[in-house]
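# Secondary and tertiary structure notes
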There are 2 protein chains.
Amino acid sequence: MSARNKPYECGLDAAVDVIGGKWKVLLLWALAERPHRFGELRRGLPKITEKVLTQQLRELEADGIVHRETFPQVPPRVEYSLTEAGRSLNEALAPLGAWGTAHMSHLEATYDQRHPG
Amino acid sequence: MSARNKPYECGLDAAVDVIGGKWKVLLLWALAERPHRFGELRRGLPKITEKVLTQQLRELEADGIVHRETFPQVPPRVEYSLTEAGRSLNEALAPLGAWGTAHMSHLEATYDQRHPG
DNA sequence: CGGTATCCGCAATGATACTG
DNA sequence: CAGTATCATTGCGGATACCG
């Protein structure tokens, strides 16, 4: 299924696709603070399942945002950290975070229109 | 997940939710250039359906990003433009767009992992 | 501990037809 | 021209069970 012509209209389109996953910005935020082990991340996002956490981390890894390092020991240990691209992405997201914070009260009020039910 | 007390963990979380719709950043991009009529937007995004375009515009309107103005004429005419919040959101998105542009070639290569099938 | 392997509900998206 | 209305699709995110 390659041969797809130009999936994105512009860089912004691509960037939103990368961080659009339900948990990705929260993972980015956690990993920006410091590297985390799998279990730490899972406990930090209490409502995420192991499958989904794995999926999101694997996608971020493929996108070059997250670095995954396994330590061959018993019990197994895996650490996730940000790559250089991940750190620069995080910086690029700072203004957006500030915008969201500034408009938070209104965005909470309109939450139900974006998530009916 | 319907209405909770605190739907968002942080401002970034909220902002991504607002622009996370499949077409929203493209609409923002078009409207930042100049106001557009409904049909102009539809022709600019050839693959969007009228129903989805209406939905996304209504959500952006509720979020205070987009201003909708109807002219009571025959044939009917409706113009969409950015509000002040919309313009500031657009500015906040600029670094993210630059990041996406800089990493575009890699993001195109990993497109299939985010969109299997 | 850090994952896979299945199964699945449901909201988001889409196609088509119709309307003021 | 600018939308609704209705029905179909699909794939994300989740629940649960099992593995090295």
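Read on for a plain summary of the structure. This is a predicted model, so every value here is computed, not measured.

## Examining the interface of chain B and chain A
- Facing the 47 residues of chain B at the interface are 48 residues of chain A.
- Taken together, the two surfaces of chain B and chain A that pack against each other cover about 4,500 Å², and 70% of this comes from carbon and sulfur.
- Inspection of the chain B/chain A interface yields 4 salt bridges.
- Among the ionic pairs, Asp 63 of chain B bridges to Arg 114 of chain A, the shortest N-O distance being 2.4 Å.
- Seen at the junction of chain B and chain A, the total is 16 residue pairs in polar contact (both at pLDDT 80 or more).
- Counting residues per element, the ones that place at least two in the side of chain B that touches chain A are α1 (11-19), α2 (24-33), α4 (50-62), α5 (84-102), α6 (104-109) and α7 (111-114) of chain B.
- Taken together, the residues that form the side of chain B that touches chain A break down as 25 nonpolar, 13 polar and 9 charged.

## Examining the layout of surface pockets
- Reported here for the largest pocket is a volume of approximately 910 Å³.
- Every residue lining the largest pocket is counted, 34 residues in all, and those nearest its centre are Lys 22, Trp 23 and Leu 26 of chain A together with Glu 9 and Asp 13 of chain B.
- It is helix α2 (residues 24-33) of chain A that provides the largest number of residues to the lining of the largest pocket, a total of 5 residues.
- When its residues are assigned to classes, the lining of the largest pocket shows 14 nonpolar, 8 polar and 12 charged.
- Considering only enclosed or pocket space, the second largest pocket measures out at about 780 Å³ in volume.
- If you go around the second largest pocket, you meet 27 residues; those closest to its centre are Pro 7, Glu 9 and Asp 13 of chain A together with Trp 23 and Leu 26 of chain B.

## Some details on α1 of chain B
- In terms of burial, α1 of chain B is a largely internal element, 9 of the 9 residues being buried.
- Of all the residues in α1 of chain B, the buried ones are Gly 11, Leu 12, Asp 13, Ala 14, Ala 15, Val 16, Asp 17, Val 18 and Ile 19 of chain B.

## Description of the sheet that holds strand β1 (residues 36-37) of chain A
All names here are of chain A.
- Strand order across the open sheet formed by 3 strands is β1-β3-β2, with antiparallel pairing between neighbours. The open sheet has two edge strands, β1 and β2 (66-71), and neither has a second partner.
- Pairing between β2 and strand β3 (residues 77-82): 6 bridges, direction antiparallel. Considered in β3, the bridge of Val 66 is made with Leu 82.
- Strand contacts of α2: β1, β2 and β3, with the helix running at about 95 degrees to β3, the strand carrying the most contacts.
- With respect to the sheet, helix α4 (residues 50-62) is in contact with β2 and β3, its orientation differing from that of β2 by roughly 115 degrees.

Here is what the cut-offs are and how they apply
Residues numbered from 1 in each chain as written. Chains lettered and ligands numbered in written order. Predicted model: local features only at pLDDT ≥ 70, side-chain atom pairs only at ≥ 80, totals over all residues. Heavy atoms only, no water. Contact = heavy atoms within 4.5 Å. Buried area = accessible area lost by both parts, 1.4 Å probe. Salt bridge = Lys/Arg side-chain N within 4 Å of Asp/Glu carboxyl O. Polar contact = N/O pair within 3.5 Å; in protein donor to acceptor, adjacent residues only side chain to side chain. Helix = DSSP H or I, 4+ residues; strand = E, 2+ residues; numbered from the N terminus. Nonpolar A, V, L, I, M, F, W, Y, C, P; charged D, E, K, R; others polar. 1 Å grid on protein atoms, 1.4 Å probe; cavity = no way out; pocket = protein on both sides within 12 Å on 5 of 7 lines; lining within 4 Å. Points joined across faces, edges and corners; volume = space filled by probe spheres on them. Buried < 20%, exposed > 50% of the residue type's maximum accessible area, 1.4 Å probe, protein only. Pairing = 2+ DSSP bridges. Axes fitted to C-alpha atoms, helices over the stretch in contact; angles between N-to-C directions.

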